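# Observations on the three-dimensional arrangement
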Amino acid sequence: LTGAMGAMERINSTPLPFAYVSHLRTFLLLYLLGMPVALHSSWGWATPVVTFLVAFAMLGIEGAAVACERPFGLNRNHLPMDYFCQVVAK
């Protein structure tokens, strides 16, 4: 049990490297800002709609990745550690 607790603490306290996160977010922003320019000739008036849908999907994936980076906490999307502890205690 102590080993599992230590492993969970290591997972919780090990963030992604800043350079990786910064690089990913910068290129995601550049991609989404350049997308309307690249799509305008082929999509015409539908360019804002297509850009919005792609941006919604990509930013949603990035938000899910941020939420998965910290799996332990008290929010709804975090692992239910209190329940896990009750099961182990029984």
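Anything mentioned here points back to the structure above.
Residues numbered from 1 in each chain as written. Predicted model: local features only at pLDDT ≥ 70, side-chain atom pairs only at ≥ 80, totals over all residues. Heavy atoms only, no water.

Before going further, it helps to examine the nonpolar core. One finds Leu28, Leu32, Met35, Leu39, Val50 and Ala55 forming the largest nonpolar core, which totals 6 residues. Taken together, the elements giving at least two residues each to this core come down to α2 (18-43) and α3 (47-69). No other element matches α2, which puts 4 residues into this core. What Leu28 contacts, discounting residues up to four positions off in sequence, is Met58, Leu59 and Glu62. (Core = buried A, V, L, I, M, F, W, Y, C linked by side-chain atoms within 4.5 Å. Buried < 20%, exposed > 50% of the residue type's maximum accessible area, 1.4 Å probe, protein only. Helix = DSSP H or I, 4+ residues; strand = E, 2+ residues; numbered from the N terminus. Contact = heavy atoms within 4.5 Å.)

When two helices pack together, their arrangement is given by the angle between the helix axes and the distance between those axes. Remark: α2 packs on α3, axes separated minimally by 9 Å, with the N-to-C direction vectors making an angle of 160 degrees. On the basis of their axis angle, the class for α2 and α3 is roughly antiparallel. When you trace α2 past α3, the crossing you get is right-handed. Residues Arg25, Leu28, Tyr31, Leu32, Met35, Pro36, Leu39, His40 and Trp43 of α2 pack against Thr47, Val50, Thr51, Val54, Ala55, Met58, Leu59, Glu62 and Val66 of α3. For the contact of α2 with α3, the class distribution of residues is 13 nonpolar, 3 polar and 2 charged. (Axes fitted to C-alpha atoms, helices over the stretch in contact; angles between N-to-C directions. Parallel < 35°, antiparallel > 145°, perpendicular 65-115°, else oblique. Left-handed = near helix turned anticlockwise from the far one by under 90°. Nonpolar A, V, L, I, M, F, W, Y, C, P; charged D, E, K, R; others polar.)

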